[in-house]
Amino acid sequence: MRTTLFDEEAARTIVIRYIVVNIPSAYNLLLGRPSINRLSVVASKKHMKMRLPSLQRKLITIKSDQKAA
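Residues numbered from 1 in each chain as written. Predicted model: local features only at pLDDT ≥ 70, side-chain atom pairs only at ≥ 80, totals over all residues. Heavy atoms only, no water.

Points about the environment of Glu-9
The cut-off we apply is this: Helix and strand assignments follow DSSP, with helices taken as H or I runs no shorter than four residues and strands as E runs no shorter than two, numbered in order from the N terminus. Each residue is assigned to one of three classes by its accessible area relative to the maximum for its type, calculated with a 1.4 Å probe on protein chains only: buried under 20%, partly exposed between the two thresholds, exposed over 50%.
Position of Glu-9 among the secondary structure elements: in the loop between strand E1 (2–6) and strand E2 (11–15). Under the relative-accessibility criterion, Glu-9 is labelled exposed at 63%. In the structure, Glu-9 is positioned 54 residues away from Lys-63 in sequence and 14 Å away in space, judged by C-alpha atoms.

Written out as structure tokens, the structure is:
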């Protein structure tokens, strides 16, 4: 499935294979190592953010919400 990760300034789209499960969860999506490696993601658990480069060499920042998690 084509998946787009974006923030206010940039976006990046790749194809990711998903396994869909019907259970209550605090997460919308769990990325596996192949997707993280292909996107060149740098994740910070402390800051609850992920950063990855866009194809236009801009930095995309994905933020999470502590209350929602």
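Now that the structure has been shown, the text picks up again.
Section: the nonpolar core
Convention followed: Throughout this description, the term nonpolar core refers to a set of buried Ala, Val, Leu, Ile, Met, Phe, Trp, Tyr and Cys residues connected via side-chain atoms within 4.5 Å. For this analysis, residues touch if any pair of their heavy atoms sits within 4.5 Å.
Formed by Leu-5, Ala-10, Ile-14, Ile-16, Leu-39, Val-41, Met-50, Leu-52 and Ile-60, the largest nonpolar core amounts to nine residues. Excluding anything up to four places from it in sequence, Ala-10 contacts Leu-5, Ser-54, Lys-58 and Ile-60.

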